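What follows is each chain in one-letter form.
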Amino acid sequence: MTIVGPLVLILAFALAVAIFFAMPSHMATPFVKTYFAWMPVGTDLPIHWAFQVDQLSVMMVLFVTGVSALIHIFSVGYMGDDRGYARYFAFLNLFVALLVLVLGASYPVMFVGWEGVGLVSYLLIGFWFNDKANADAGKKAFIVNRIGDFGFLIAMFLIWSNVGTLDFSGVAAGVGSLPAGGPLLTTICLFLLLGCTGKSAQIPLYVWLPDAMAGPTPVSALIHAATMVTAGVYLVARSSFLFSLSPVACLTVAVIGAVTALFAATIGLKQWDIKKVLAYSTVSQIGYMFIGVGVGAYVAGLFHVITHSFFKALLFLGAGSVIFGMHAAYHHTHSTEDAQDMRNMGGLRAYMPVTFVMMWIATLAISGIPIFAGFFSKDEILGSVIARAGDSTLADVHWLGIPGSAVLYAVYVLGLAGAFLTALYMTRMMLYTFHGPNRSGAENQAQLHEAPPILTFPVVVLGVLSVLGGIINLPAFLHLPAGWTGALDQWLAPVVGDATLHVTHGVAAETPNELALVGLAVVVAIAGIVTAFVKLKPAALVPKREAQPATGFERVLENKYYVDEFYDRAVVTPVVAVSRSFLWKGIDAGLIDGVLVNGSAWFMRGLARIGSWLQTGQVGAYAWAIVIGVLAVLGAFTLR
Amino acid sequence: MLQVPVPLAQPGGVHPLAGSIAELVWLLPILPLIGFVINGAISLFTSFHAGPADPSAAHGEHGVAHAGHEAHDAHDEHSAHTTHTTRTMSTRRPRAPRCTPS
């Protein structure tokens, strides 16, 4: 066993911290380090391999390396007995090496990281590739992400052809010459958004993320919850100078986020696989981040990226500890039951007290209960929506014929409904996993115990961060001493401040009736938790093998609205059919193999056969041929 | 096409981060990349098994022996893991043609 994997991450995190402390409090321009001319395409497109150190990139690097280091430590214990231990850490290290996504000073360099993390995601989803389902899940993630990447590429082409550069600072300087709110800017932003929906698993390209849970649980925690899937939010924030000039595109981002937040939350209500619940929760929470950056509250969206990385990584690692314990018990008793199905769990608080407490902390944080980190970030997002609905460039335009302010109020309602469902499905998960009687059977119960310290240590650290994480951007209504509130707002102001002000007509946005809105959000969250405690009966739940199939709308939710089946019939089957009948049998086998390859051979064979008929071996026939040839030549000369 | 100058260099003199530890920003992706190289090499070396010098001595039973061990691998959430086999190129050599008496 090697400790190289976690060690390099700890060093990278230490370096990130050192760079953070080296930065002055007010740094107006980014620090760009150009290393070499990467793709000098004539004089028109000099793409350099350059890194950019600014407030946004350092913020991303800090939490990516920090959370990654914790998850690497967890992985040492979790994957210690796996035969592919070194291969696992090679892939996990490679993922973090693709920090170029956030360090890149231009869209092409960022795209390298963007594609690279997609590749590592594919490799780790199918880590146990001998199981076809895992390999298929990896391929699904890879293909769906490529659809989004097509949008990213088209957006880059449009930016270059209209602005003349792909460096962030160059685009920010040149985009002002394009008509604000015009169709060109909106088109660019919508293509970027297509890329974001693929990477960040939003409607309509969210379907790969729940299947991505086929990978090892620490991978789900790191790549498919805390870091990679938030790349879309980062791209919108990094491109804030573009999005803020296109209110229609901004509203589209917010609407997609709001609809996804609610839609995924409803599916999470009826999932039994503990990782699937968390997967749909991730899709839903990224929807909130999209709402934030969509309404031009870039800091709020990024704030939720950070807090979410703390409590969602904690939830996944906690779930990993639970699965670890359940699997070890089943392995000991040679049981073949499903170690991830919550119907086989129950009452685990007696066996795993540390995990139990930590996961409740994360549940309260994601539900938006005060003092926990998620409360501050989610509240800031919802408050920003109401503020923008009152007065902003978004409220001034129409979106598909609907007034922008009406769209924003609808986004707020969807967000609030999603908050209620979040509290409900998360409490359901906790009740069925840790409360009530244990349903694993007496023989297995004897084997259940808390995970070893190497697994619980990262979980406890993330638990502390899930409680205290809100400190980085405390709201003004707390009336704390100067310097205590809005730290992240001030930190990110040089990067996204201008874009935010553009959306709010140049004035600092103030949320009307902020305390009332905060109170409403808290009441909704508490209502979700109370509803779960009142309506759900963990004691009445039976193990998976004895469970009756769901009926009615519950069945629809359990089958995820049959979206996968719909995509299969509407997209996959026609594409496969066209590929098989036209591209394969028609073009490949028919035209290329049949006409061009075999056809040319048949043609030459025919010619050769004619030639062979002339080779009779009889001197008389050859003499006739010579005579005819001579006559033909003489005739040709005569007629000339 | 609109041509905009690309401000790759810092405008207005020396940047406050010039000469600071931020100059080492390139190390941030390189450190994990070193981990990738080391772990990748370990992964390759540990899964490599040299075949017998005489191919006719190989009978392909090595991989079968491994599969039995793998069934006891624990600590994962998928049974797929337990059936994961690592077949190296050397374990599946074709048998030498049988020498039959004429």
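The structure reproduced in this document is the subject of the present report. Numbering of residues begins from 1 in every chain and follows the order in which that chain's sequence is written. Chains carry letters and ligands carry numbers; both start at the beginning, A for chains and 1 for ligands, and go up in the order they are written. Given that the model is predicted, a residue must reach a pLDDT of at least 70 before its local features are reported, and side-chain atom pairs must reach 80 or more before they are shown or counted; all residues, however, enter totals for whole chains, interfaces and linings. Heavy atoms from the whole structure form the basis of all side-chain values; hydrogens and water molecules are not counted.

Digging into the overall build of chain B
Part 1 of the argument: Secondary structure counts use DSSP, requiring at least four H or I residues in a row for a helix and at least two E residues in a row for a strand, with both numbered from the N terminus. Within chain B, the regular secondary structure consists of 3 helices and 0 strands.
Part 2 of the argument: Along its sequence from the N terminus, chain B presents helices and strands in the succession α-α-α.
Part 3 of the argument: Burial classification: accessible surface area is computed with a 1.4 Å probe over protein chains only, and a residue below 20% of its type maximum counts as buried, one above 50% as exposed, and the rest as partly exposed. Burial status across chain B gives 31% buried among its 102 residues.
Part 4 of the argument: Contacts in chain B between residues far apart in sequence, at least 24 positions, make up 57% of those at least 6 positions apart.
Part 5 of the argument: The method behind every accessible area is Shrake-Rupley, applied with a 1.4 Å probe, and residues are considered shielded solely by the protein chains displayed. Working note: accessible area of chain B is about 6500 Å², and carbon and sulfur atoms make up 67% of it. Every residue pair with non-hydrogen atoms within 4.5 Å of one another is taken to be in contact.

Digging into the environment of V407 of chain A
Residues and elements named next belong to chain A.
Part 1 of the argument: Mapped onto the elements, V407 comes out in helix α19 (residues 404-434).
Part 2 of the argument: By relative accessible area, V407 is classed as buried at 5%.
Part 3 of the argument: Along the primary structure V407 and A389 are separated by 18 residues, whereas in three dimensions their C-alpha atoms are 8.2 Å apart.
Part 4 of the argument: Those residues in contact with V407 that sit more than four places away from it in its chain are L251, V255, W399 and I402.

Here's the deal with the nonpolar core
Part 1 of the argument: Counting 219 residues, the largest nonpolar core has Y107, L242 and M429 of chain A together with L28 of chain B as the members making the most contacts within it.
Part 2 of the argument: Residue contributions to this core peak at 21 residues, all from helix α15 (residues 298-332) of chain A.
Part 3 of the argument: Residues contacting Y107 of chain A, with those up to four places away along its chain left out, are F152, M156, I159, L166, F168, V171, L235, S239, F241 and L242 of chain A. For the purposes of this section, nonpolar cores are sets of buried Ala, Val, Leu, Ile, Met, Phe, Trp, Tyr and Cys residues that join through side-chain atoms within 4.5 Å.

Things to note about the packing of aromatic side chains
All names here are of chain A.
Part 1 of the argument: Within 6.5 Å between ring centres, the rings of Phe, Tyr and Trp (the latter by its six-membered ring) count as paired, and their orientation is classed by plane angle as stacked under 30 degrees, edge-to-face over 60, tilted in between. Inspection of the entire model under this criterion finds 25 aromatic pairs over all chains.
Part 2 of the argument: Taking the centre distance of 5.3 Å and the plane angle of 90° together, the rings of Y88 and F89 count as edge-to-face. F89 shares its class with Y88; the two are buried.
Part 3 of the argument: Ring geometry for W272 against Y432: centres 5.7 Å apart, planes inclined by 25°, an arrangement best described as stacked. Residue W272 is found in the loop between α13 (247-268) and α14 (274-294), and its partner Y432 is found in helix α19; the two are separated by 160 residues along the sequence.
Part 4 of the argument: According to the relative accessible area criterion, W272 is buried, its value standing at 11%.

Describing unusual backbone geometry
Backbone phi values are negative for most residues with the exception of glycine, while trans is the configuration of most peptide bonds.
Residues and elements named next belong to chain A.
Part 1 of the argument: Going from I203 to P204, the amide bond is cis rather than trans, its omega being 10°.
Part 2 of the argument: When you line up the elements, P204 lands in the loop between α8 (183-199) and α9 (208-211).
Part 3 of the argument: The phi torsion at H479 lies on the positive side, around 50°, for a residue other than glycine.
Part 4 of the argument: Among the structural elements, H479 can be located in the loop between α21 (453-468) and α22 (487-503).
Part 5 of the argument: Judged by its relative accessible area of 71%, H479 falls in the exposed class.

Side note on the side chain of S384 of chain A
Part 1 of the argument: Take S384 of chain A: it is sitting in helix α17 (residues 373-390).
Part 2 of the argument: Those residues in contact with S384 of chain A, other than ones at most four positions away along the chain, are V295, A297, A300 and T511 of chain A.

Quick look at the pairing of strand β1 (residues 31-41) of chain A
Residues and elements named next belong to chain A.
Part 1 of the argument: Pairing between strands is defined by DSSP: at least two bridges between the two strands are required. Where β1 meets strand β2 (residues 45-53), 9 bridges bridge the pair, whose relative direction is antiparallel. Bridging across to β2, A37 finds its partner in H48.
Part 2 of the argument: Between β1 and the antiparallel strand that follows it, β2, lie 3 residues; G42 among them carries a positive phi value of about 60°.

Here we look at empty space enclosed by the protein
All names here are of chain A.
Part 1 of the argument: Here a cavity is any set of points on a 1 Å grid over the protein atoms alone where a 1.4 Å probe fits but cannot get out, and a pocket is any open set with protein on both sides within 12 Å along at least 5 of 7 lines; a residue lines the site when it has an atom within 4 Å of a point. Grid points are joined across faces, edges and corners, and a volume is the space filled by probe spheres set on the points. Counted by the stated rule, this structure contains 4 cavities of 30 Å³ or more.
Part 2 of the argument: Considering only enclosed or pocket space, the largest cavity measures out at about 150 Å³ in volume.
Part 3 of the argument: Forming the walls of the largest cavity are 14 residues, and the residues nearest its centre are V64, F95, L101, V102 and T227.
Part 4 of the argument: Of all the elements in the fold, those that place two or more residues in the lining of the largest cavity are α2 (55-78), α3 (85-97) and α4 (100-103).
Part 5 of the argument: For the lining of the largest cavity, the leading source of residues is α2, giving 3 residues.
Part 6 of the argument: Three categories are distinguished: nonpolar for Ala, Val, Leu, Ile, Met, Phe, Trp, Tyr, Cys and Pro, charged for Asp, Glu, Lys and Arg, and polar for the others, with Gly belonging to the last. For the lining of the largest cavity, the class distribution of residues is 12 nonpolar, 2 polar and no charged.
Part 7 of the argument: Of the voids in this model, the second largest cavity is the one considered here, and its volume is about 80 Å³.
Part 8 of the argument: Residue lining of the second largest cavity: S367, G368, F375, K378, D379, L382, A419, V518, A521 and A525, and that is the complete set.
Part 9 of the argument: Secondary structure elements with two or more residues in the lining of the second largest cavity: α17 and α23 (514-535).
Part 10 of the argument: Of the residues in the lining of the second largest cavity, the class split is 6 nonpolar, 2 polar and 2 charged.

Some details on helix α6 (residues 132-163) of chain A
Every α-helix carries 3.6 residues per turn, so stepping three or four residues along brings you back to the same face.
Part 1 of the argument: The span you would expect from a helix comes to 1.5 Å times its residue count less one. Look at α6 of chain A: 46 Å from first C-alpha to last across 32 residues, which is about the 46 Å you get at 1.5 Å a residue.
Part 2 of the argument: Trailing α6 of chain A by a residue or two, G164 of chain A shows a phi angle of about 90°, which is positive.

A few points about the pattern of salt bridges
Residue and element names in this part refer to chain A.
Part 1 of the argument: Salt bridge, as used here, is a side-chain nitrogen of Lys or Arg placed within 4 Å of a carboxyl oxygen of Asp or Glu. Tallied over the entire structure, the rule returns 13 salt bridges over all chains.
Part 2 of the argument: Here K270 ties to E554 by a salt bridge, and the two come within 3.5 Å at their closest N and O atoms. Placement of K270 in the loop between α13 and α14 and of E554 in helix α24 (residues 552-558) is noted, with a sequence separation of 284 residues between them.
Part 3 of the argument: A salt bridge links R545 to E546; its shortest N-O distance comes to 4.0 Å.
Part 4 of the argument: A relative accessible area of 44% places E546 in the partly exposed class.
Part 5 of the argument: Here the residues in one salt-bridge network are E115, R146 and D149, joined through shared partners.

Quick word on the side chain of N444 of chain A
Residue and element names in this part refer to chain A.
Part 1 of the argument: Along the chain, the position of N444 falls in helix α20 (residues 442-445).
Part 2 of the argument: Take N444: its relative accessible area is 7%, and that puts it in the buried class.
Part 3 of the argument: We call two N or O atoms a polar contact when they sit within 3.5 Å, provided that within protein one can donate a hydrogen and the other can accept it, with sequence-adjacent residues counted only if both atoms are side-chain atoms. Separated by 2.7 Å, the side chain of N444 and the backbone oxygen of S440 make a polar contact.
Part 4 of the argument: Here N444 is in contact with A329, Y330, T333 and S335, once residues within four sequence places are set aside.

Quick word on the packing of α8 of chain A against helix α11 (residues 231-238) of chain A
All names here are of chain A.
Part 1 of the argument: Helix axes use the C-alpha atoms of the stretch in contact, all axes being lines fitted to C-alpha atoms, and the angles between their N-to-C directions lie in the range 0 to 180 degrees. α11 packs onto α8 with a crossing angle of 155° between their chain directions and a minimal axis gap of 7 Å. Considered as vectors, α8 and α11 are oriented roughly antiparallel to each other. Residue-level inspection shows L192, C196 and K199 of α8 in contact with α11, the latter providing A231, G232, L235 and V236.
Part 2 of the argument: Residue composition of the contact of α8 with α11, grouped by class: 5 nonpolar, 1 polar and 1 charged. The cut-offs work like this: below 35 degrees is roughly parallel, past 145 is roughly antiparallel, 65 to 115 is roughly perpendicular, and the gaps in between are oblique.

Things to note about a nonpolar patch on the surface
Part 1 of the argument: Residues enter patches when they are more than 30% accessible in relative terms and free of salt bridges; like-charged ones are connected within 9 Å and nonpolar ones (Val, Leu, Ile, Met, Phe, Trp, Tyr) within 5 Å. A contiguous nonpolar patch, built from Y35 and F36 of chain A together with I21, L24, W26, I30, L33, I34, V37, I38 and I42 of chain B and spanning about 840 Å² of accessible area, is present on the exposed surface.
Part 2 of the argument: Elements with a minimum of two residues in the nonpolar patch: β1 of chain A together with α1 (27-47) of chain B.
Part 3 of the argument: The biggest single contributor to the nonpolar patch is α1 of chain B, with 6 residues.
Part 4 of the argument: The residue I38 of chain B is located in helix α1 in this model.

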